[in-house]
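# Geometric and topological summary
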Amino acid sequence: MSDANHPGALTRLLRFSLRGLVRDLRAADVRALFIALALAVAASTMIGFFLDRLDKGLTRQAGQLLGGDLVLEQGDPFEQEVRDTLENAGLVLSDQVDMVSMVSHGDAFQVASLKVVDSVYPHFGANHVDRGDGVELLDHGPPPGEAWLAPRLALLIEVEVGDRIRVGETELGVGGLIEREADQSAGFGSFNPRLMMHVDDLSATNLVQPGSRVEFEILAAGPAEAVAGVQPLLERLRRDGVEVRDVRQDRPGLGNALERAEKYLSLAGLAAVLLAGVAVAMATRRYVDRHLDTAALMRCFGATQAELTRLFALQLMWLALAASVVGALLGLAGQAALLGLLTTFLPLELPPPGVLPLWLGILTALSVLVGFAGPTLLRLKRVSALKVLRRELDPLPASAWVVVAAAALVFGGLLWLYSGDPLLSAGLLVGGLAMLVVLWWVGNLLLGLLFRLASRLPRRGGQDGGLVQALRLGGQQLARRRQASLGQLLAFSVTFFAVAMIFLVRGDLLTTWQDQLPEDTPNYFAINIQPGERDAFSTVLEGAVDARSALYPMVRGRITALNGEPPREMVPPEARGDNALRRELNLTWQERLPEGNRLVAGEWFDALGSDALDNDEFEGWMTAVDAQPIADASPAPVPMSMEDGLAERFGMELGDTLTFTIGSAEVVGELASLRNLDWDSFRPNFYVIFPPGVLERFGHSYITAFHLNDAENDTLRQLVRDFPGVSLLNIDAILGQVRDVLTQVTRAVELVLAFVLLAGVSVLYAALTASRPVRAHESGLLRVFGAGNRLLSRVQGAEFAILGLASGLMGALLAELAAAGIYLAWFDLAPRFHWGLWLALPLGGALLIGVIGHLLSRDLRRQAPAASLGLLGET
Amino acid sequence: MSTTSRTELTPILHADQLLKQVRSGERQLTILSGLGLTVFPGESVAILGQSGAGKSTLLGLLAGLDAPSGGTLELFGQPLGELDEDGRARLRAGRVGFVFQNFQLLPTLTALENVLLPLELTPQTDAEARARDWLTRVGLGERLDHLPKQLSGGEQQRVALARAFVTGAELVFADEPTGNLDPATGERIIAALFELNQEAGTTLVLVTHDHALARRCDRCLRLEGGRLEEMAMDEVSA
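These numbers come from a predicted model, not from an experiment.

Calculation rules
Residues numbered from 1 in each chain as written. Chains lettered and ligands numbered in written order. Predicted model: local features only at pLDDT ≥ 70, side-chain atom pairs only at ≥ 80, totals over all residues. Helix = DSSP H or I, 4+ residues; strand = E, 2+ residues; numbered from the N terminus. Buried ≥ 20, exposed ≤ 12 C-beta atoms within 10 Å, placed from the backbone. Contact = placed C-beta atoms within 7 Å. Nonpolar A, V, L, I, M, F, W, Y, C, P; charged D, E, K, R; others polar. Pairing = 2+ DSSP bridges. Axes fitted to C-alpha atoms, helices over the stretch in contact; angles between N-to-C directions. Parallel < 35°, antiparallel > 145°, perpendicular 65-115°, else oblique. Left-handed = near helix turned anticlockwise from the far one by under 90°. Arc of directions from axis to C-beta. pLDDT = per-residue confidence, 0-100.

## Details of the environment of A:Q231
Residue and element names in this part refer to chain A.
- Secondary-structure assignment places Q231 in helix α7 (residues 231–239).
- The exposed category is assigned to Q231, around which 12 C-beta atoms lie within 10 Å.
- Counting along the chain gives 15 residues from Q231 to D246, while the straight-line C-alpha distance between them is 10.0 Å.

Next up, the structure:
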């Protein structure tokens, strides 16, 4: 060891350090270090593995919804070259053709939405089809000669499985009723009931004619690298106006709920890591105290400072590695449990977790060790060899500020690593340090106050004294060991703070989620309500449903110009294939800003003043529409409001114009305001809204959403009977899926909370272990002076309870401040005040620390004074 | 060892005008002043003195565990003043052994592991065999796996003796090696110490107030008023 270059030196050092560690495993502080590090790794790997797999799973699920990892769509058949490029990149292709056509059976006719699939379909998942023997899960589409119908279509044209129906110029047998399609790509954007058939039958229908409205799709499935490999092709296709949906880029999110849950899990993981760090810091103090004699002896035998540093660093590295392995295994088990809680919403076969979270976990353990234990460990290297002759020659403890600064630096780095947001990390860190300074100051004040209070308590009672005597002695002991008590006070405060915060945020997240999807969230959409039916429909709903949205008029229009030019030339290249440019948009008119919409730029129509709507120019434009279905010159623009996301995709700003072709007329809208929509609201939402007086003259129908309980089926029947032309869409399944996600994510959040609690307990354990020798010494002395078992027990209980009470108060203060900050900065929620916290934390803290501390000190009370007093000097 | 042969050898330890002062509050305390000492290889030297005379301070300085306030000090011919603390530690490694009054065994290490401890600092291929051998020599061959708390005071000090000699140290410092032992046990430890010293041909510098122990050394010195004085053997016996 004195010759580091000696070939065997490193091996010997490694062996020596490992042997030292194995011997040390008997020590409580090493156990505390091990537990804390393992918990840090477990928390970070569990959440890392989980988020990794969740992300992969959601991508897979999104691929299932979309029908492939990559979907291309255009109005003409795709060229062979596109196909070849995709296949050569390693993608499996499936062709699909979508169109709307009349389907008939006998005298019954119905417009249906045709989905023509090949034999590869579906890439993912299965169709839920009833072929006459109940619903089956089939991983294929209908075979040639067969058609599968949505139950509603079967009802409308009155067919059953086995009947034959006419599609275009051919006949197909009804092979089954589709309860659920493997891919939901069309969603309810297509209001006509579904008919699924095989591509081999398409030519016989003779439905694909020049000028007919047909969408050709290529659904491609394959690994991310394959999709990445065809990006140049995709860019070109987008510029050519092909709609390209890449599941990794355009993943239809499950809304804010999951995003918040992911953030919450990361936050909780970090809280667990922070607590583990505090536990590591506390346990290290005792570890170092215990090893001072070893270090001095080694110095005496000729070890240099560098060798001592290497020796103890290696020893702890072994510990960190062992803790990493155990922690990673725990993390793997934890993530499996988390995923187990989410099974009904995630696809059954999840991709296995990657190794990155494992490395992150090990990195976390080592960082926590270096940051939270480093400065304290350096004390070992500074030990003087002379200590072997003069025991009192201990090196000075590391400055508290150095310890805090090192820990803060490392924790800040971890924050950055996990959140990916340097500004937020810096903000949290600076805030955290500021709070620590405040805590330090408040803690000092509290201890001073405590000493004065305890000293004023009356002296009475004998050997087994009463509660007052116990409080007086306990309080005095605590206040006398000012620095040690302050350290514990801070550690416990931070623990209570972290646990409370994770608990608070959890509660508020859940409340927010519940508020987001209340019981009466609309579960039915009614579309195609004719103007003449509007009032009658409204009357039926009146009083029969719990909640309903307004009835929105709907006019279908196609965007034909942006600022007077062809839109595909004006929008950014990546938006050329946008759905909004390729299909008719649903336009509406509203006098007021609809419920759930938020104005983010510009002014709503009423603020523009009546002049904007009633001026001559506007009147003139109206006349132009009446007189001239297709104007030679563009009509004068009218104000319109647009969804901010679409405007951003199109690169539009306030004042830009969009021309819509509605039927055979044109309407020019000038962008007057941008709206932010809540797409999770399950209410009708519109990209473009005009003021009243613009669209009324065009053919329009109404749409509404309402909530209907199962028990109110009479209302449903009445609606179907009285309004046969109105389509009713039940979205209970989608709503149920979202609710499931929320319930399961809630459970996942609770599991993570348990982890944070465990990390909190590890802090308690480490802190109590660290302070054990001093407490043993004090109780030994009290015993020598004649204190009875009961008094000792009470004094210790009182001391811990006071510590818990003070820590709880300080923790509540911190949690309240931090939660407010986090709501504003991270979750975009309004802060709330938590009265319960100020009661629960101090009382709970006093009880928890009082009981645990009391129990852990039980054997100290049983020890003979000689043994207790001897404990202090022991290494 | 005769005086004439001594002068021909290079001293293993040489101190000249050694000064040690410490601050105690506002006051400067002089513990050692103008102290001189020369020890030759193979010698055994006892330093006697009253409690508080500065015996342990002197031992710390001689072993390079502490730095003097003035004067020169050479260990193995190397001026310690030119070395920093790490340099002094490297000089000791494998060449200096220690026996302490309070044994200084690590309580979590077995007897064998305690003896192995100094061997971890020097490249040794047969470390464990050597440690076993030395423990056997001090009569603890059957108690290798015992922890210090399972051993008596005398046994603990024998482990410490084995630890002091196991590296093949050229120089062993002993600080009141019998100070914590009853007279009979102390006797046995003294016998063992000198036996091992004889076998290994080690130089021995011991600090004690035990005259019986001092008498077994080649030379006896008295530490008084911060200086060392050579004592006649009959003076020690007195």
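Anyway, onward from the coordinates.
## Some thoughts on the interface of chain A and chain B
- Contacts between chain A and chain B engage 27 residues on the former and 25 residues on the latter.
- Elements with a minimum of two residues in the side of chain A that touches chain B: α1 (7–24) and α8 (256–300) of chain A.
- In terms of residue count, α1(A) provides more of the side of chain A that touches chain B than any other element does, six residues in total.
- Of the residues assigned to the side of chain A that touches chain B, the class counts are eleven nonpolar, eight polar and eight charged.

## Description of the sheet that holds strand β5 (residues 78–79) of chain B
Residues and elements named next belong to chain B.
- Spatial ordering of the open sheet is given by β2-β1-β4-β5, a layout of four strands whose pairing is antiparallel. Taken across any chain shown, the strands that pair with only one partner, and hence form the sheet edges, are β2 (27–39) and β5.
- The pairing of strand β4 (residues 70–75) with β5 spans two bridges and is classified as antiparallel. If you follow L75 over to β5, its bridge partner there is Q78.
- The sheet strands contacting helix α2 (residues 55–62) are β1 (13–24), β2 and β4, and the helix crosses β1 at an angle near 125 degrees.

## Looking at unusual backbone geometry
- Residue A:P122 follows A:Y121 across a cis peptide bond; omega there is -5 degrees.
- Structurally, A:P122 can be placed in the loop between β3 (108–117) and β4 (127–130).
- Backbone geometry at A:N528 places phi at a positive 70 degrees, although glycine is not the residue there.
- Assignment of secondary structure puts A:N528 in strand β12 (residues 524–529).
- Of note in the backbone geometry, B:Q104 takes a positive phi value of approximately 55 degrees without being a glycine.

## As for the packing of helix α9 (residues 305–341) of chain A against helix α10 (residues 356–381) of chain A
Residue and element names in this part refer to chain A.
- Interhelical geometry of α9 versus α10 gives an angle of 150 degrees and a closest axis separation of 9 Å. By the angle between their directions, the pair α9 and α10 is classed as roughly antiparallel. Regarding α9 and α10, the two cross each other, and that crossing is right-handed. Across the interface between the two elements, Q305, L308, T309, F312, L316, A320, A323, S324, G327, A328 and G331 from α9 touch L358, G361, I362, A365, L366, L369, A373, L377, L380 and K381 from α10.
- Taken together, the residues of the contact of α9 with α10 break down into 14 nonpolar, six polar and one charged.

## Observations regarding helix α3 (residues 85–92) of chain B
Residue and element names in this part refer to chain B.
- Residues of α3 that are buried include every one of R88, A89 and R92, and no others. Projected onto a plane normal to the axis of α3, the buried residues spread over an arc of 100 degrees and lie on a single side.
- Following α3 by one or two positions, G94 adopts a phi angle in the positive range, close to 80 degrees.

## Section: the confidence of the model for chain B
- On average, residues of chain B score 86 in pLDDT, and 95% of them are at 70 or above.
- Taken together, the chains of this predicted complex give a pTM of 0.69 and an interface ipTM of 0.86.

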